[in-house]
Amino acid sequence: MNHKFLPDVATALREAGLADNMTLSFHHHMRNGDFVANMVLEAAAQLGVKGLTIAMSSLFPVHEAMIPHIKSGVIAAIDTDYMSGPLAAAISRGVLEKPVMFRSHGGRPRAIGEGSLKIDIAVVAAPCVDAYGNINGVQGPSACGSLGYILPDVEHAAKVVAVTDFVSDEALRHISIPHNRVDHVVRVDRIGDPAGIVSGSISMTRDPLALAIARNAQAVIRASGLLRDGFNYQTGAGGASLAASTFLRDDMRKLGLKGGFLLGGITKYMVEMIEEGLFENIFDVQCFDLSSVRSIRDNAAHQEISADTYANPKQKSCCVDFLDAVLLGASEVDLDFNVNVLTDSNGMIIGGSGGHNDAAAGADLTIIVAPLVRARLPIVVERCTTITTPGKDVDVLVTEQGIAVNPRRTDLTDRLKAAGLPVRTIEELREKALRITGKPRPMEKGDRVVGLVEYRDGTIVDKVYAV
């Protein structure tokens, strides 16, 4: 066996030089099925290490186990792109003394590359490793597909530790991370539950309201003039977004069009479109379901890309720059078209930018899809509780009650009206929502800052306050 292979996680951390106040990074491709981050932090605690910064591309309910390590001082800071579940709630209530740095999926590799996020040890949850230390995410019992979010970490970290539950008897043909980037490998019983990759809503909706939003969104794309051969597209994994993709597929069939690439977090619905020949390629930074894991393994047109290639604004170019249209969600949209996807109306942390402001900045047409009212609260607000994506990057808000176009896009307003679509001002949508909900009480913000919201270029665009 290669000398890189070590008997346990604690030994690997010692060999990598783990010490107080270091930064450990992790990826989130196992999503809510991840076992590795918790496993490594437990080993670090047993080694008596304190003051760690945890840089993980996203954090999920499974990472509730980090809360005791915050309270004991093992974890002193967190750097992430997205956070949900009990850990997010604890951060919202002030459990961590230092504010969390919330980045975008493109801002994170930018920060790593420029050195503002310096990684001492990158820990890779590695679904498959061969005897040389090569890694991929498409083989083994914990296969998660693309490993795109950890690739910048591996490139720049001082040390790289792979934790795996499957060592291939044969040299890997599909290699995501080559052996010359890997310092140490540890084999454990399980690195995670691949079923946990399926986190959140990634099934087709039957909700009439969401279907109405989806129809309006696809009508906007059709009327925009962008739907043509070579059309490049990204959508989210929510019910309305997935339904809009189905309507897009219908339009492309009718028009006899062939698109260029599909981008972002990939689902089976995107896989079906490429298998049907409606698009040339999928560029995949993250698989959202097991169908996409199988596709990236077997289909050469389904390509793994790094977070750098996906959305780093400091690269010579990145994939989001070539998007024709993107569909994105929102917890709030304000009268200036700023979007919040990080907190709810009470200021509790429920998510994060992820690729939201990256794709919004890059696409020719950025469409926000959201119901006019959610949980008896208006989606259109006077001012977002937390700004994640600035209004300058947003073109259209699509609801079931009408479509609002950013005033700077008069060209788009004219096209949508000419197509007979229900165009309204955003103020009209807000008034319509308030007639349904009444005016909500203003949120009372605490004095303590628990999060800093970074735009993709490194600018701090907002702060999150304790609730």
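Just so it is clear, the model here is predicted, and its values are computed rather than measured.

Some points on the layout of surface pockets
For step 1, the next point in the chain: Reported here for the largest pocket is a volume of approximately 1,200 Å³.
For step 2, the next point in the chain: Taken together, 46 residues line the largest pocket, and the ones lying closest to its centre are Tyr82, Gly236, Ala237, Gly238 and Gly329.
For step 3, the next point in the chain: Mapped onto the lining of the largest pocket, the elements with two or more residues apiece are α7 (208–224), β11 (233–235), α8 (239–255), β12 (259–266) and β15 (325–328).
For step 4, the next point in the chain: Grouping the constituent residues of the lining of the largest pocket by class yields 18 nonpolar, 25 polar and three charged.
For step 5, the next point in the chain: Here the second largest pocket defines a volume of roughly 740 Å³.
For step 6, the next point in the chain: Its residues assigned to classes, the lining of the second largest pocket shows ten nonpolar, five polar and nine charged.

Quick word on helix α14 (residues 426–437)
For step 1, the next point in the chain: The end-to-end C-alpha distance of α14, which contains twelve residues, comes to 16 Å, matching closely the 16 Å that a straight helix rising 1.5 Å per residue would cover.
For step 2, the next point in the chain: Among the residues of α14, Ile426, Leu429, Arg430, Ala433 and Leu434 are the ones counted as buried. Angular distribution of buried residues about the axis of α14 spans 135°; they occupy a single face of the element.
For step 3, the next point in the chain: Where α14 terminates, the next one or two residues include Gly438, which has phi positive at roughly 75°.

A look at the pattern of salt bridges
For step 1, the next point in the chain: The tally for this structure, following the rule as stated, stands at 19 salt bridges.
For step 2, the next point in the chain: The partner of Asp250 in a salt bridge is Arg253, with the nearest N and O atoms 3.3 Å apart. In this pair, Asp250 and Arg253 are both assigned in helix α8, three residues apart and thus about one turn of the helix distant.
For step 3, the next point in the chain: Given the relative accessible area of 43%, Arg253 is considered partly exposed.
For step 4, the next point in the chain: Two residues, Asp411 and Arg409, come together in a salt bridge whose shortest N-O distance is 3.0 Å.
For step 5, the next point in the chain: In this structure Asp411 comes out as partly exposed when scored by relative accessible area, which is 41%.
For step 6, the next point in the chain: Overall, the relative accessible area of 15% leaves Arg409 in the buried class.
For step 7, the next point in the chain: It is possible to trace a salt-bridge network through shared partners that takes in Asp79, Arg103, Arg110, Glu114, Lys314 and Glu454.

As for the packing of aromatic side chains
For step 1, the next point in the chain: One pass over the structure, following the stated rule, counts three aromatic pairs.
For step 2, the next point in the chain: Aromatic pair Phe261 and Phe283: ring centres 5.1 Å apart, planes at 40°, arrangement tilted. On the criterion of sequence distance, the pair formed by Phe261 in strand β12 and Phe283 in strand β13 (residues 279–287) is long-range, its members being 22 residues apart. Across the pair, Phe283 and Phe261 agree in class, each one buried.

Structural notes on the nonpolar core
For step 1, the next point in the chain: By size, the foremost hydrophobic cluster in this structure holds 49 residues, and its most contacted members are Leu52 and Met83.
For step 2, the next point in the chain: Per element, the largest residue contribution to this core is six residues, and it comes from helix α2 (residues 36–46).
For step 3, the next point in the chain: In this structure Leu52 touches Leu18, Ala19, Asn21, Met22, Leu24, Leu41, Ala44, Val74, Ile75, Ala76 and Ala77, once residues within four positions along its chain are discounted.
For step 4, the next point in the chain: With 43 residues, the next largest nonpolar core counts Ile213, Ala217, Leu257 and Met273 among its residues.

Considering the pairing of strand β2 (residues 23–26)
Regular strands place side chains that alternate from one sheet face to the opposite one.
For step 1, the next point in the chain: The alternating pattern of β2 places Thr23 and Ser25 and Leu24 and Phe26 on opposite faces, both of which are buried.
For step 2, the next point in the chain: With four bridges joining them, β2 and strand β3 (residues 52–56) adopt parallel strand pairing. Residue pairing for β3: Phe26 is matched across the bridge by Met56.
For step 3, the next point in the chain: Each parallel crossover has a hand, and the one from β2 via α2 to β3 is right-handed.
For step 4, the next point in the chain: When β2 meets strand β6 (residues 121–126), the two strands line up parallel, connected through two bridges. Directly across from Ser25, in β6, lies its bridge partner Ala122.

Some remarks on the sheet that holds strand β4 (residues 75–80)
For step 1, the next point in the chain: Reading across from one edge, β1-β10-β9-β6-β2-β3-β4-β5-β25-β26 is the order of the ten strands in this open sheet, with mixed pairing throughout. Edge strands, defined here as strands with exactly one partner in the open sheet, are β1 (5–6) and β26 (460–465).

Quick notes on the packing of α7 against helix α13 (residues 410–418)
Between two packed helices, both the angle of their axes relative to each other and the distance between the axes serve to describe the pair.
For step 1, the next point in the chain: The interhelical angle for the contact between α7 and α13, taken along N-to-C directions, is 110°, at an axis separation of 9 Å. When the axis of α7 is compared with that of α13, the two are roughly perpendicular. Where α7 abuts α13, its residues Val220, Ala223 and Ser224 lie against Leu412, Arg415 and Leu416.
For step 2, the next point in the chain: Here the residues of the contact of α7 with α13 sort into four nonpolar, one polar and one charged.

Comments concerning a negative patch on the surface
For step 1, the next point in the chain: Among the surface-exposed residues, Asp336, Glu427, Glu428 and Glu431 lie close enough to one another that they form a single negatively charged patch.
For step 2, the next point in the chain: Structurally, the position occupied by Glu428 is in helix α14.
For step 3, the next point in the chain: Glu428 gets classed as partly exposed once you look at its relative accessible area, which sits at 41%.

Brief notes about the sheet that holds strand β16 (residues 332–334)
For step 1, the next point in the chain: Spatially, β17-β16-β21 is the arrangement adopted by the three strands of the open sheet, whose pairing is mixed. The open sheet terminates on both sides in strands that have one partner only, identified here as β17 (339–340) and β21 (380–381).
For step 2, the next point in the chain: Across two bridges, β16 lies against β21 in parallel orientation. Paired with Val333 across the bridge in β21 is Val380.

The rules behind these values
- Residues numbered from 1 in each chain as written.
- Predicted model: local features only at pLDDT ≥ 70, side-chain atom pairs only at ≥ 80, totals over all residues.
- Heavy atoms only, no water.
- 1 Å grid on protein atoms, 1.4 Å probe; cavity = no way out; pocket = protein on both sides within 12 Å on 5 of 7 lines; lining within 4 Å.
- Points joined across faces, edges and corners; volume = space filled by probe spheres on them.
- Helix = DSSP H or I, 4+ residues; strand = E, 2+ residues; numbered from the N terminus.
- Nonpolar A, V, L, I, M, F, W, Y, C, P; charged D, E, K, R; others polar.
- Expected span 1.5 Å × (residues − 1).
- Buried < 20%, exposed > 50% of the residue type's maximum accessible area, 1.4 Å probe, protein only.
- Arc of directions from axis to C-beta.
- Salt bridge = Lys/Arg side-chain N within 4 Å of Asp/Glu carboxyl O.
- Phe/Tyr/Trp six-rings, centres within 6.5 Å; stacked < 30°, edge-to-face > 60°.
- Core = buried A, V, L, I, M, F, W, Y, C linked by side-chain atoms within 4.5 Å.
- Contact = heavy atoms within 4.5 Å.
- Pairing = 2+ DSSP bridges.
- Right-handed = clockwise from strand over helix to strand, strands pointing away.
- Axes fitted to C-alpha atoms, helices over the stretch in contact; angles between N-to-C directions.
- Parallel < 35°, antiparallel > 145°, perpendicular 65-115°, else oblique.
- Patch = residues over 30% accessible without salt bridge, like charges linked within 9 Å, V, L, I, M, F, W, Y side chains within 5 Å.
- Areas by Shrake-Rupley, 256 points an atom, 1.4 Å probe, with all protein chains shown as cover.
- Lys, Arg positive; Asp, Glu negative; His and termini not counted.
- Charge placed at Lys NZ, Arg CZ, Asp CG, Glu CD.

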